[in-house]
Amino acid sequence: MGKVALAVCAHPDDLEFFCGGSTIAMARDGWDVFLAIATDGDRGAHDLAVSRESLAAQRREESRRAGQTLGLSGIVFLGKEDGELYLDPSLRSDLTRVYRKVQPDRLITFDPWRRYELHPDHRAIGFAALDARLAARLPLYYADQLRDGLRVCTVREILLFNTDEPDCYVDITGTFDAKLSALAEHRSQWESIWDDTARSLRQEAERAGRASGHVMAEAFKRIFVPMGPVSADWDLEEEGC
Ligand SMILES: [Zn+2]
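Rules used in this analysis
- Residues numbered from 1 in each chain as written.
- Predicted model: local features only at pLDDT ≥ 70, side-chain atom pairs only at ≥ 80, totals over all residues.
- Heavy atoms only, no water.
- Helix = DSSP H or I, 4+ residues; strand = E, 2+ residues; numbered from the N terminus.
- Contact = heavy atoms within 4.5 Å.
- Donors = N, O, S within 2.8 Å, 3.2 Å for Na, K, Ca; no water.
- Buried < 20%, exposed > 50% of the residue type's maximum accessible area, 1.4 Å probe, protein only.
- Phe/Tyr/Trp six-rings, centres within 6.5 Å; stacked < 30°, edge-to-face > 60°.
- pLDDT = per-residue confidence, 0-100.
- Pairing = 2+ DSSP bridges.
- Axes fitted to C-alpha atoms, helices over the stretch in contact; angles between N-to-C directions.
- Parallel < 35°, antiparallel > 145°, perpendicular 65-115°, else oblique.
- Left-handed = near helix turned anticlockwise from the far one by under 90°.
- Nonpolar A, V, L, I, M, F, W, Y, C, P; charged D, E, K, R; others polar.

Caption draft 1: A look at the environment of L15. Along the chain, L15 falls in helix 1 (residues 14-28). Taking the C-alpha atoms as reference, L15 lies 12 Å from H122; in sequence the two are 107 residues apart. Every residue in contact with L15, bar those within four places of it in the chain, is listed here: A7, C9, G20, T23, L35, L70 and L72.

Caption draft 2: Region of the structure containing the coordination of the zinc ion. With distances of 2.1 to 2.2 Å, the protein atoms coordinating the zinc ion are H11 (ND1), D14 (OD) and H122 (NE2). Counting gaps between the donor residues of the zinc ion yields the pattern H-x2-D-x107-H. On the basis of relative accessibility, which here comes to 7%, the residue H11 falls in the buried class.

Caption draft 3: Structural context of the packing of aromatic side chains. Throughout the structure, instances matching the rule amount to seven aromatic pairs. Judged by centre distance (5.6 Å) and plane angle (85 degrees), the ring pair of W113 and F127 falls under edge-to-face. Linking W113 in the loop between strand 4 (106-110) and helix 4 (120-137) with F127 in helix 4, this pair joins segments that are 14 residues apart in sequence. An aromatic cluster is defined as three or more aromatic residues linked by ring pairs; in this entry it consists of F17, F18, F110, F161 and W190.

Caption draft 4: Local environment of unusual backbone geometry. With a phi close to 50 degrees, Y142 is a non-glycine residue in the positive phi region. Note on placement: Y142 falls in the loop between helix 4 and helix 5 (143-147). Of note in the backbone geometry, N162 takes a positive phi value of approximately 55 degrees without being a glycine. Summarising the element assignment, N162 is placed in the loop between strand 5 (157-161) and strand 6 (168-171).

Caption draft 5: Expanded view of the confidence of the model for the protein. Looking at the protein, the pLDDT average stands at 93 and 94% of residues meet or exceed 70. Low confidence marks residues 230-238, where pLDDT is under 50. Its contacts with residues over four positions away, or in another chain, come to four contacts.

Caption draft 6: How the structure looks around the environment of Y169. Counting through the fold element by element, Y169 comes out in strand 6. The sequence separation of Y169 and R106 amounts to 63 residues, and the corresponding C-alpha distance is 15 Å.

Caption draft 7: Structural view of the sheet that holds strand 6. Strand order in this open sheet of seven strands is 3-2-1-4-5-7-6, and the pairing throughout is mixed. The strands lining the two open edges of the sheet, one partner per strand, are strand 3 (74-80) and strand 6. Within the sheet, the average angular offset between the axes of one strand and its neighbour, ignoring direction, is 25 degrees. Taken together, the six bridges between strand 1 (residues 4-9) and strand 2 (residues 32-39) define a ladder with parallel strand orientation. Bridge pairing in strand 2 places A7 opposite L35.

Caption draft 8: Layout of the packing of helix 1 against helix 6 (residues 176-184). Direction vectors running N to C along helix 1 and helix 6 enclose 120 degrees, while the axes themselves pass 8 Å from each other. Between helix 1 and helix 6, the angle falls in the class oblique. Pair helix 1 / helix 6 crosses with right-handed handedness. Residues E16, F17, F18, C19, G20, G21, I24 and R28 of helix 1 form the contact with helix 6, whose participating residues are A178, K179, A182 and L183. Split into classes, the residues belonging to the contact of helix 1 with helix 6 amount to seven nonpolar, two polar and three charged.

Quick look at the structure:
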């Protein structure tokens with residue numbers, strides 16, 4: 001059976017920006033990669049004349065197009081308010097439901113402990129995603145979801161992006177150009193500053209590459225969570241970065 005990854009992000013373009021190259025590499029390796037986007041990013045404009053409703057619709061469409069380039073198996077839009085993500089029961093419950101539906105082997109999200117992360121949504125979604133991982137495996141959390149036919153879910157591997165303590169690098173030498181193509185679909189955000197954005201992403205990928213022996217890479221903090229008795233054939237090295 002194929003492996004399943006679930007990325008949990010705050011905004012429509014987070015995945016492409018922070019780890020689009022790794023996402024494409026996983027999809028090409030046969031993973032089913034799903035994406036949960038907490039908000040529609042409907043405050044992501046500098047023009048007061050822009051309506052939040054129309055921006056939300058535009059950004060969902062941009063995500064769908066980018067998702068095709070990334071090779072995603074599906075996108076879940078949670079529809080939370082942009083800029084107002086909090087570590088509250090509603091967000092955790094919604095994420096728990098997604099985990100129980102998707103049954104991911106690997107969770108990908110923001111490192112909520114990154115120092116000096118200034119975007120509150122980025123901090124909040126990282127904590128919420130990690131807390132939902134615990135809730136998803138215990139049946140007395142949100143038991144009504146199980147009565148609806150969902151199953152508990154145990155995620156054993158977590159990759160945190162936007163981290164300042166990386167210990168896991170994914171080679172994106174062959175997927176960097178496709179990452180840029182996916183990010184470019186988010187025209188509402190990047191079109192006016194595209195050249196600078198592409199240049200700085202290239203520099204960042206090359207910096208991570210130098211740290212890991214690749215031409216280009218994306219960096220993560222990896223957490224592996226053994227659950228129950230560890231199988232004798234569970235090869236930690238093979239499963240590592
Ligand atoms: Zn964001």
